[in-house]
Amino acid sequence: MPEKPQHFDPLDPASKERRAAARKRLDAIDPAKQPGGALDDPYRRDWFEAVYALAEGDPANVPWGNMVAHPLLRDWLARNPRLDGLRALDIGCGLGDNAAALAGQGADVTGFDLVLRAVEWARERFPDSGIEFCAADLFDPPESWSEAFDFVHETYTLQALPAEILDSAQKAMASFVKPGGRLLLIARARDEAQEFDGPPWPLTRKNIEAFAAYGLDIEKLEDVPPTVTPNRHWRALLRKSAA
């Protein structure tokens, strides 16, 4: 991983300027931003690879690389019992901050990302955390992960995928959860009738309820208004029925 050329702070004007420029460049090469592009490349694998290839070690060039765990995850962890001794999986770990937050609450964490460059960056940032960072594909995961985790976390992965593969992604995520285990999901929210040009594609309540087809029922669903984030969000805790 190249040396990070500049300090990054999401609140710093210079950092904001670099990020805005990066978003513009990345949108220009994102097939999902072009007419029919999401259908041609629904998994967006090449684009995610390009994000990290073009980042040149600068987190400002990674649109979700805020160098801190998501505020709604931090808030949930502060309000709920620790995860001591639980085996946890962080889906789409990116630069590793959410995985580190889970580990900070006592979980034995595996964090995975599609892009190897992201995984290497996370390893570099958290070398002594005990987190197992690895490259893996949500749609072709290791067989050993089947119902292997007590706690699974995902932020912004589902909303980055077009509707035609959402069901497959949910099936994969549910497969990681042990009977009796939980999935914590954080995503932008929209109403059923609300049209939205993505990506990202905010989720509806029905999108979250659809996990029931794979054995995950809603334990708690929060409709979070713009407060700590500038957009409305869902924060959903789902539980898989015990065997």
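Per-chain numbering applies: the sequence of each chain, read as written, is numbered from 1 onward. Owing to the predicted nature of the model, reporting of local features is limited to residues with pLDDT of at least 70; listing and counting of side-chain atom pairs is limited to 80 or more, with chain, interface and lining totals taken over all residues. The basis for every side-chain value is the complete set of heavy atoms in the structure, and neither hydrogens nor water enter the calculation.

Trainee: How should unusual backbone geometry be read in this particular structure?
Mentor: Excluding glycine, residues mostly have negative phi values, and the peptide bonds linking residues are mostly trans. Look at the link from glycine 198 to proline 199: it is a cis peptide, with omega at 0°. Strands are runs of DSSP state E lasting at least 2 residues, helices are runs of H or I lasting at least 4, and numbering of each runs from the N terminus. Structurally, the position occupied by proline 199 is in the loop between strand 5 (177–188) and helix 8 (205–209). A cis amide bond links proline 199 to the next residue, proline 200, at an omega of -5°. Its location among the elements puts proline 200 in the loop between strand 5 and helix 8. Of note in the backbone geometry, glutamate 56 takes a positive phi value of approximately 55° without being a glycine. Residue placement: glutamate 56 occurs in the loop between helix 3 (45–53) and helix 4 (71–79). When a residue's accessible area, from a 1.4 Å probe over protein chains only, is under 20% of the maximum for its type it is buried; when over 50% it is exposed; and in between it is partly exposed. Classification of glutamate 56 by relative accessible area gives exposed; the value is 58%. Positive phi values are uncommon outside glycine, yet tyrosine 156 reaches one of about 75°.

Trainee: What should I look at first to understand the sheet that holds strand 4 (residues 149–155) in this one?
Mentor: The strands making up a sheet associate through hydrogen bonds between their backbones, and the pairing can be parallel or antiparallel. Two strands make a pair as long as DSSP finds a minimum of two bridges between them. The strand order across the open sheet built from seven strands is 3-2-1-4-5-7-6, with neighbouring strands paired in mixed fashion. Two strands bound the open sheet, and with one partner strand each, they are strand 3 (132–135) and strand 6 (216–224). Averaged over neighbouring strand pairs, the angle between their axes works out to 15° when direction is ignored. Of the pairings in the sheet, the one linking strand 5 to strand 7 (residues 233–240) comprises seven bridges and is antiparallel in character. Along strand 7, the bridge assignment pairs leucine 184 with leucine 237. The sheet contacts of helix 5 (residues 97–104) involve strand 1 (87–91), strand 2 (108–113), strand 3 and strand 4, and relative to strand 4 the element is tilted by about 145°. Here an axis means a line fitted to C-alpha atoms, over the contact stretch when the element is a helix, while the angle between two N-to-C directions is reported on a 0 to 180 degree scale. Should any heavy atoms of two residues lie within 4.5 Å, those residues are considered in contact.

Trainee: Explain helix 5 to me, please; I cannot follow it from the model alone.
Mentor: For an α-helix, the turn length of 3.6 residues means that residues three or four places apart are oriented alike. Among the residues of helix 5, Asp97, Asn98, Ala99, Ala101 and Leu102 are the ones counted as buried. Residues of helix 5 that are buried in the fold lie against helix 4, strand 1, strand 2, helix 6 (116–125), strand 3 and strand 4.

Trainee: What is the right way to read the packing of aromatic side chains from this model?
Mentor: In this description, an aromatic ring pair is defined by two values, namely the gap between the centres and the angle between the planes. What counts as a ring pair is set by centres within 6.5 Å for rings of Phe, Tyr and Trp (its six-membered ring), and what kind of pair is set by the plane angle: stacked under 30 degrees, edge-to-face over 60, tilted for all other angles. Tallying each qualifying case throughout the model produces 11 aromatic pairs. Ring geometry for tyrosine 43 against phenylalanine 139: centres 4.8 Å apart, planes inclined by 80°, an arrangement best described as edge-to-face. With tyrosine 43 in the loop between helix 2 (37–40) and helix 3 and phenylalanine 139 in the loop between strand 3 and strand 4, this residue pair connects regions lying 96 residues apart in the sequence. When the ring of tryptophan 76 is compared with that of phenylalanine 151, the centres are 5.5 Å apart and the planes differ by 35°; the resulting orientation is tilted. Residue tryptophan 76 is found in helix 4, and its partner phenylalanine 151 is found in strand 4; the two are separated by 75 residues along the sequence. Given the relative accessible area of 5%, tryptophan 76 is considered buried. Put simply, the rings of Trp47, Phe48, Tyr52 and Trp64 touch in pairs and so form one group of aromatic residues. The criterion for a charge sitting over a ring is simple: Lys NZ or Arg CZ within 6 Å of the ring centre, and within 35 degrees of the ring normal. The positively charged end of arginine 44 is found above the aromatic ring belonging to tryptophan 47, 4.5 Å away from the centroid.

Trainee: Whenever I open this one, the side chain of aspartate 137 confuses me. Can you help?
Mentor: Tracing the backbone shows aspartate 137 in the loop between strand 3 and strand 4. Note on aspartate 137: relative accessible area 18%, which makes it buried.

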